[in-house]
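Structural characterization, general
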Amino acid sequence: MSTTTPASTLAAYAERYFDGWNGRDVSVAATLVADTFEWTDPLLPGPLTSLPEAEGFFQGAWAGLPDVHLERIGAPLIDEAAGRVSQEWVMTGTHTGEFPPGAPPTGKPFRVAGCDTFTVGEDGRATEIHAYYDVAGLMAQLGLA
């Protein structure tokens, strides 16, 4: 039996992930992460490894950045043999609530480019999520650095 995740599953994952962020439906988190996963993001003090942590990350971001929007740039880059997909994006929004935790709201808009890379199983859920973006630039735009 093959352990290769089909390209169609990988491409669909990237679309579901960003639709989940933009749709603000926390129940989608359970469809995005495997039972065992690791999610790293430069704003986090450490990796997320549980569904409640993933749900909390979504909810915290939506509370602090209620108009956050992630626009996918181009088609995802797919490595079918490794079960990996990367998607470039631009994130925009306004910082009107406390996010990340402890950061007071500034009311300032932001625009930051980045990329997420996902390792996705045959079931269409991620075992690894790695976000890459310029946190220092984001904090400067928000007036927090």
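Going by the structure above, here's the rest.
The structure contained in this document is the topic of the report that follows.

This brings us to the overall build of the protein chain. On a plain count of helices and strands, the protein chain comes out with four helices and five strands. Counting helices and strands in the order they occur from the N terminus, the protein chain gives α-α-β-α-β-β-β-β-α. The C-alpha radius of gyration computed for the protein chain amounts to 15 Å, which stays within 12% of the reference 15 Å derived for 145 residues, consistent with globular compactness. Along the three orthogonal principal directions, the C-alpha set of the protein chain runs to about 50 × 30 × 25 Å. Burial statistics for the protein chain: of 145 residues in total, 42% are counted as buried. Once the 7 positive and 19 negative side-chain charges of the protein chain are each reduced to a mean point, those two points are 6 Å apart.

This brings us to helix H1 (residues 7–23). A rise of 1.5 Å per residue sets the reference length of H1, with its 17 residues, at 24 Å; its end C-alpha atoms lie 24 Å apart and thus fit the reference within 8%. Considered for burial, the residues of H1 that qualify are Leu-10, Tyr-13, Ala-14, Tyr-17, Phe-18, Gly-20 and Trp-21. Down the axis of H1, the smallest arc covering the buried residues is 150 degrees, so these residues share one side. Positioned one or two residues after H1, Arg-24 has a phi angle of 55 degrees, which is positive.

Let's shift gears to the side chain of His-130. Considering the arrangement of structural elements, one finds His-130 in strand S5 (residues 126–133). Exposure remark for His-130: the relative accessible area of 15% places this residue in the buried category. Separated by 2.8 Å, the side chains of His-130 and Thr-40 make a polar contact. Beyond its immediate stretch of four places on either side in the chain, His-130 contacts Thr-40, Cys-115, Asp-116 and Thr-117.

The rules behind each value
- Residues numbered from 1 in each chain as written.
- Predicted model: local features only at pLDDT ≥ 70, side-chain atom pairs only at ≥ 80, totals over all residues.
- Heavy atoms only, no water.
- Helix = DSSP H or I, 4+ residues; strand = E, 2+ residues; numbered from the N terminus.
- Rg over C-alpha atoms; globule rule 2.2 N^0.38 Å.
- Buried < 20%, exposed > 50% of the residue type's maximum accessible area, 1.4 Å probe, protein only.
- Lys, Arg positive; Asp, Glu negative; His and termini not counted.
- Charge placed at Lys NZ, Arg CZ, Asp CG, Glu CD.
- Expected span 1.5 Å × (residues − 1).
- Arc of directions from axis to C-beta.
- Polar contact = N/O pair within 3.5 Å; in protein donor to acceptor, adjacent residues only side chain to side chain.
- Contact = heavy atoms within 4.5 Å.

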